[in-house]
Each structure stands twice: as C-alpha cells, then as structure tokens.
Amino acid sequence: MADRLTPAERRLIRKRDTSPELVVRRMVHALGFRFRLHRRNLPGTPDIILPRHRKAILVHGGFWHQHEGCKLARQPKSRLDYWLPKLARNVARDREARAALERAGWSCLVVWECETKDPEKLRLILRGFLFGSEPG
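To keep things clear, this report deals only with the structure shown in the data block. (Residues numbered from 1 in each chain as written. Predicted model: local features only at pLDDT ≥ 70, side-chain atom pairs only at ≥ 80, totals over all residues. Heavy atoms only, no water.)

Quick word on helix α4 (residues 119-130)
So, step 1. Between its terminal C-alpha atoms α4 stretches 16 Å, which fits the 16 Å expected from 12 residues at 1.5 Å a residue.
So, step 2. All of the buried residues along α4 are Leu122, Ile125, Leu126, Gly128, Phe129 and Leu130.
So, step 3. On its buried face, α4 sits against α2 (19-30), β2 (48-50), β3 (55-60) and β4 (107-112).
So, step 4. Where α4 ends, the next residue or the one after it, Gly132, has phi of about 80 degrees, a positive value. (Helix = DSSP H or I, 4+ residues; strand = E, 2+ residues; numbered from the N terminus. Expected span 1.5 Å × (residues − 1). Buried < 20%, exposed > 50% of the residue type's maximum accessible area, 1.4 Å probe, protein only. Contact = heavy atoms within 4.5 Å.)

Written as structure tokens, this is what we have:
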C-alpha cells in the first residue's frame, strides 16, 4: 500500500516540539518552574526535566503510545503485521523507561495528548505533580 501522506505532511510528524508538548511546557513555565528539555542521558529521554526537583514529565501521543480508552489510540486498519508489534514495542519501552527513571530517584508524570485539550484539567494535573500534592 502506498504512503497516504505527502512528503510535506510526513515532515509534520515530529518527535520533539509537538503541539501537546508545547502546551505542557507553556503551562509548566506559567506555574513558575524552569526546566530542561530532552535529556538524552536519562532513560527514555523525558520531554521535560526539572533537575532540582528530580521530576520528569513525559508527553505522550495517544496513537504512538496507545493510550488505553482514548479515541486517539485507534488501531491501524492496514499493515497490521507492521503496526501492532511496533506500537506494542512503544508501550513496553515507555514502561521500562519510566521504571528506570523511578529507580534512579526521579518522580515521573505522563501527560497524554488528550489531556492537553482541557487547560483547566491539565493545570490541576501539573500543579498536583509539581507542587507535590499528588503522585504522578
């Protein structure tokens, strides 16, 4: 089956600086925190790192990371022999990276793409995690 995306559309699929990630960054900054981005020396290369607080925020897309119960986590309809194992590897890698971060003494929060659509809910999630009133 041919690729349905044009080269220009394909370039829009990003690993970093995605729209959900930018929403989370702006909100963390608005809450008064300064952070680092994409520290490659940490397991899973977290999207946002607050080294002084030993906190890491991972911003996951619903499809790529298969968010359970999310409409964005739809299953592909073609090339299942390729996509299903790939998506399963993503989920397993995420689980391993988060466990490794926690073993290394980092608190982790996963923010899902769908959670970035509701600013008030996202603000509550981030405040709880960053100010320590609730585990990630």
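Thoughts on the pattern of salt bridges
So, step 1. Counted under the stated rule, the structure contains three salt bridges.
So, step 2. With a shortest N-O distance of 2.7 Å, Glu21 and Arg25 are connected by a salt bridge. Here Arg25 and Glu21 lie together in helix α2, a separation of four residues that amounts to about one turn.
So, step 3. On the basis of relative accessible area, Glu21 is assigned to the buried category, the value being 1%.
So, step 4. You can call Arg25 buried: its relative accessible area is 13%.
So, step 5. Linking Arg123 and Glu120 is a salt bridge whose minimum nitrogen-to-oxygen distance equals 3.5 Å. In this pair, Arg123 and Glu120 both sit in helix α4, three residues apart, roughly one turn of the helix.
So, step 6. Arg123 gets classed as partly exposed once you look at its relative accessible area, which sits at 29%.
So, step 7. Judged by relative accessible area, Glu120 falls into the partly exposed class, the value being 49%. (Salt bridge = Lys/Arg side-chain N within 4 Å of Asp/Glu carboxyl O.)

Concerning the packing of α2 against α4
So, step 1. Running from N to C, α2 and α4 point in directions that differ by 60 degrees, and their axes come no closer than 10 Å. Classified by the angle between their axes, α2 and α4 sit oblique to one another. In this structure, α2 crosses over α4, and the sense of that crossing is right-handed. From α2, Val23, Val24, Met27 and Val28 reach across to α4, where they touch Pro119, Leu122, Arg123, Leu126 and Leu130.
So, step 2. Classifying every residue of the contact of α2 with α4 gives eight nonpolar, no polar and one charged. (Axes fitted to C-alpha atoms, helices over the stretch in contact; angles between N-to-C directions. Parallel < 35°, antiparallel > 145°, perpendicular 65-115°, else oblique. Left-handed = near helix turned anticlockwise from the far one by under 90°. Nonpolar A, V, L, I, M, F, W, Y, C, P; charged D, E, K, R; others polar.)

Quick look at unusual backbone geometry
So, step 1. Unusually for a residue other than glycine, Thr45 sits at a positive phi of about 45 degrees.
So, step 2. Positionally, Thr45 belongs in the loop between β1 (36-37) and β2.
So, step 3. Residue classification places Thr45 among the partly exposed positions, given a relative accessible area of 27%.
So, step 4. Although it is not a glycine, Arg79 adopts a positive phi angle of roughly 55 degrees.

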